[in-house]
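Reading the structure
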Protein chains: 2
Amino acid sequence: MTPNPVQAPDVFRAIADPTRRAILGLLAEQALSVGDVAERFEMSRPAVAKHLKVLSDGGLVEVEVRGRSRINRLNAAPLADIAGWLARFEGFWDDKLTALKQEVEGENDQ
Amino acid sequence: MTPNPVQAPDVFRAIADPTRRAILGLLAEQALSVGDVAERFEMSRPAVAKHLKVLSDGGLVEVEVRGRSRINRLNAAPLADIAGWLARFEGFWDDKLTALKQEVEGENDQ
DNA sequence: TATAAAAGAAACCAAATGGTTTCATATTGG
DNA sequence: CCAATATGAAACCATTTGGTTTCTTTTATA
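These figures come from a predicted structure and were not determined experimentally. Every residue gets a number counted from 1 within its own chain, in the order that chain's sequence is written. Written order determines the labels here, with chains lettered from A and ligands numbered from 1. Selection of residues for local features in this predicted model requires a pLDDT of at least 70, selection of side-chain atom pairs for listing and counting requires 80 or more, and totals for whole chains, interfaces and linings are taken over all residues. Remark: hydrogens and water are excluded; side-chain values derive from all non-hydrogen atoms of the structure.

What follows concerns the protein's contact with DNA strand C. Here a residue is near a molecule or strand as soon as one of its heavy atoms is found within 4 Å of it. Lining the immediate environment of DNA strand C, one finds 19 residues, of which Ser 44, Lys 50 and His 51 of chain A together with Ser 33 and Gly 35 of chain B sit closest. Put simply, 65% of the atoms of DNA strand C that lie within 4 Å of the protein are in sugar or phosphate. Any N or O atom pair separated by 3.5 Å or less is treated as a polar contact, with the protein-specific requirement of one donor-capable and one acceptor-capable atom, and with residues adjacent in sequence counted only for side-chain atom pairs. Measuring from a phosphate oxygen of DNA strand C, one finds a backbone N or O atom of Gly 35 of chain B at 2.7 Å. Between DNA strand C and the protein, one listed contact pairs a phosphate oxygen with a backbone N or O atom of Arg 70 of chain B at 3.2 Å. Taken together, the elements giving at least two residues each to the surface near DNA strand C come down to helix 4 (45-57) of chain A together with helix 3 (34-39), helix 4 (45-57) and strand 3 (69-74) of chain B. Take the surface near DNA strand C: its biggest share by element is 4 residues, from helix 4 of chain A. Residues were grouped as follows: Ala, Val, Leu, Ile, Met, Phe, Trp, Tyr, Cys and Pro as nonpolar; Asp, Glu, Lys and Arg as charged; and all remaining residues, including Gly, as polar. Residue composition of the surface near DNA strand C, grouped by class: 4 nonpolar, 6 polar and 9 charged. Numbering of helices and strands starts at the N terminus; helices are DSSP runs of H or I of at least 4 residues and strands are runs of E of at least 2.

Our next topic: the protein's contact with DNA strand D. Around DNA strand D there are 20 residues in total, and Ser 33 and Gly 35 of chain A together with Ser 44, Lys 50 and His 51 of chain B lie nearest to it. Arg 68 of chain A places a polar side-chain atom, nitrogen or oxygen, 3.3 Å from a base oxygen of DNA strand D. Of the residues that constitute the surface near DNA strand D, the class distribution is 5 nonpolar, 6 polar and 9 charged.

For the rest of this paragraph, the subject is the sheet that holds strand 1 (residues 32-33) of chain A. All names here are of chain A. Read from one edge to the other, the open sheet built from 3 strands follows the order 1-3-2, with strand pairing classed as antiparallel. Because the sheet does not close on itself, it has two edges, and the strands there are strand 1 and strand 2 (61-66). Between any two strands, pairing holds if DSSP finds at least two bridges. Direction of pairing for strand 1 relative to strand 3 (residues 69-74): antiparallel, over a ladder of 2 bridges. Opposite Leu 32, over in strand 3, you have Asn 72 as the bridge partner. In what follows, residue pairs with any heavy atoms lying within 4.5 Å of each other are defined as contacts. Each axis is a line fitted through C-alpha atoms, and for a helix only the stretch in contact is used; angles between axes span 0 to 180 degrees, taken between their N-to-C directions. Against the sheet, helix 2 (residues 18-29) contacts strand 1, strand 2 and strand 3, and its axis sits at roughly 95° relative to strand 3.

This part is about helix 4 of chain B. Residues and elements named next belong to chain B. One less than the residue count of a helix, multiplied by 1.5 Å, gives the span that helix is expected to have. When the terminal C-alpha atoms of helix 4 are compared, their 18 Å separation across 13 residues agrees well with the 18 Å that a helix rising 1.5 Å per residue should span. A simple rule labels every residue: compare its accessible area, found with a 1.4 Å probe on the protein chains alone, to the largest value its type can have, and call it buried under 20%, exposed over 50%, or partly exposed in between. Inspection of helix 4 places Val 48, His 51, Leu 52, Val 54 and Leu 55 among the buried residues, and these make up the whole buried set. Looking down the long axis of helix 4, one finds its buried residues gathered within 155° of arc, a one-sided arrangement. Of the surrounding elements, those touching the buried residues of helix 4 are helix 1 (11-14), helix 2 (18-29), helix 3, strand 2 (61-66) and strand 3. When we speak of the arc, we mean the arc of directions from the helix axis to the C-beta atoms.

All right, on to the relation of the copies chain B and chain A then. Relating one copy of the chain to the other takes a rotation about an axis and a shift parallel to that axis. In the superposition of chain B on chain A (RMSD 0.1 Å, axial shift 0.0 Å), the rotation amounts to 180°. Here the two chains are linked by the operation of a two-fold rotation axis. Ranked by how close their C-alpha atoms come to the rotation axis, the residues of chain B are headed by Ala 16 of chain B, at 3.0 Å. Take the interface residues of chain B: 85% of them recur as interface residues in chain A, which is what a same-surface contact looks like. The atoms used to superpose the copies are C-alpha atoms, taken from residues with pLDDT of at least 70 in both, and the fit is least squares.

Listed below in structure tokens is the structure:
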């Protein structure tokens, strides 16, 4: 009967949009109110508020109601779902990119 | 001249759809023709073909034309872009989830 | 050489997405 | 208390998305 469709909060969908990824980048630096986030983008506040809703539906943003403003705070934990999914494919990355990745990680031998 | 606008092949968008993620999982096991992929899903072949196009636009699938059939092969390399983006946030993951991720990674060999 | 198989292409559709503007509500400060 | 502030909510819109069906083209093969 599939009793609870419940709409799996889709973190993959949440990060699909570049604006939302930029918002996450902002929130990684500091928690911000809706208005403060909106100031940094060339779109209306309601548009930004919708993006924030998608992000909080995906569990990536937590909202602290503080008087008349809502403070949006990054919760990166759900990104682990994506990392977990990616891990399946790590064996398929080609040598060049594996090397690049290792360089980035500071593991430069040979 | 900005010679090649080239439409940044959006790998984030490519993996946003669960059907497309499932297709990538299939192709990780073996390269498949369009029809072979479509057989595994409860949707029409053209629908699957469209998903494959999004994946190849995102660089995640390479097509080898072989007679009248097109063999679709996983190219996981662009997933490194996602891994790179994720790396920014690794400092924000809590210990429990880091442990979970490592567990998932360990399952690969079994 | 017909015919069947594999896929592409096009037209179409409903729903979701990403944006807008306008209005309503709650909270704070003077 | 009243005005300004911060946000939510609703209505609306255009485009994209994810799917369909139907038709065409290409290629292999009996």
